Amino acid sequence: MNYLLETHPGARKLVVVFSAMAPVGSFTYNYRDAVSVLDAHTLFVMDDCGDQGAYFFSDHRDESIRRSVLSAVTDVKDRLGVDWSDVAFVGSSKGGTAALIFGGTVPVGRIVVGAPQTRVGSFLKKPHPNVLEYMTGGTDEADIAWADEIVPRQLRGLAPSTSVEVIIGTRDHHYRDHLPLLRRELSAMGHSNLLVREVPGLMGRPLHSVRSLCESSVSD
C-alpha cells in the first residue's frame, strides 16, 4: 500500500485519512493542509488500485487489499506507540466509506466521515462501473448486491466505545440514499454513539467542513 506518514513531536494520537474518489488515473492524498494543524500524527492512505481505486477493499472479491491496508495502518500505529482508542479514521465520500469499513474492524476511538457511501454497489453501478467491476469481477445485480453488503457486514464488528460522527449536507443524495442504512445498522446493533452533523444544502468540500471533520478526530 502507498501511504504518507507525517509525525508530530510529542503527539499521542493518530489520524488516519483515507483518500476520496478521484478522476481515472489520478490518485492523491486528501486534506493534508487541513490536518497539518492538528496535534496528532497523520497517516494518509492512498487507494490507487485499478484505474480509479477499490474502496481500499477488494480485487475481484479477493480482500487482500483490505488486509494489506489494515496491516499497514496497524504497523504504523504500533511503531508510534499509539493505542487504538487514540486513533481516528477520517475521510469523505469513498474515504468516509473506508473509514467505516476499517472502523468496524479495529476498536478505534473515533470515526469521522463526510457523506460516506453505505450501499457501495448501488452507488457505483452508474457513475463508476469500472470500480465496481474491479472490486467484484462484474457489474450485474449479484455484483451490486455483493458490494452493497460490504459496509453493513464490516460495521457489525464496530466496538461500542467507538464514536461515529457524520457530516452531511441535507440536500446531498447521500443524506437520502446512504445515511438511513447507517442509522439502521447501528440501531440494530444497539450502538448509540452516533452523531450526525447536518450541513444545510450540499456539503461539497467547503473549508469549514473539512476542518470540522479533521478537528473532530482529535477532540476530547
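Quick caveat: nothing in here was measured; it's all calculated off a predicted structure.

On to the pattern of salt bridges, then. The full count for this structure, using the stated rule, is twelve salt bridges. Connected through shared salt-bridge partners, Glu-63, Arg-66 and Arg-153 make up one network.

Following the sequence through the fold, Ser-19 ends up in the loop between β2 (14-18) and α1 (32-35). Classification of Ser-19 by relative accessible area gives buried; the value is 3%. A distance of 3.1 Å separates a polar atom in the side chain of Ser-19 from the backbone nitrogen of Asp-47. If we ignore the near neighbours within four places in the chain, the residues touching Ser-19 are Thr-28, Asn-30, Val-45, Met-46, Asp-47, Phe-56, Lys-94 and Gly-95.

Take the packing of aromatic side chains next. Counted according to the given criterion, the structure contains six aromatic pairs. Ring centres 5.5 Å apart and planes at 5° place the aromatic pair Phe-18 and Phe-102 in the stacked group. Here the residue Phe-18 occupies a position in strand β2, and Phe-102 occupies one in helix α3 (residues 94-103), the gap between them amounting to 84 residues. Measuring from centroid to centroid gives 6.4 Å for Trp-84 and Phe-89, while their planes differ by 85°, and the two rings are edge-to-face. The class for Trp-84 is buried, based on a relative accessible area of 16%.

A word on the environment of Asp-177. Counting through the fold element by element, Asp-177 comes out in helix α8 (residues 173-177). Look at Asp-177 and you get partly exposed, because its relative accessible area is 26%. Along the backbone, Asp-177 and Phe-123 are 54 residues apart, and their C-alpha atoms lie at a distance of 9.0 Å. There is a polar contact of 2.9 Å between the side chain of Asp-177 and the side chain of Arg-176.

Cut-offs used in this document
- Residues numbered from 1 in each chain as written.
- Predicted model: local features only at pLDDT ≥ 70, side-chain atom pairs only at ≥ 80, totals over all residues.
- Heavy atoms only, no water.
- Salt bridge = Lys/Arg side-chain N within 4 Å of Asp/Glu carboxyl O.
- Helix = DSSP H or I, 4+ residues; strand = E, 2+ residues; numbered from the N terminus.
- Buried < 20%, exposed > 50% of the residue type's maximum accessible area, 1.4 Å probe, protein only.
- Polar contact = N/O pair within 3.5 Å; in protein donor to acceptor, adjacent residues only side chain to side chain.
- Contact = heavy atoms within 4.5 Å.
- Phe/Tyr/Trp six-rings, centres within 6.5 Å; stacked < 30°, edge-to-face > 60°.

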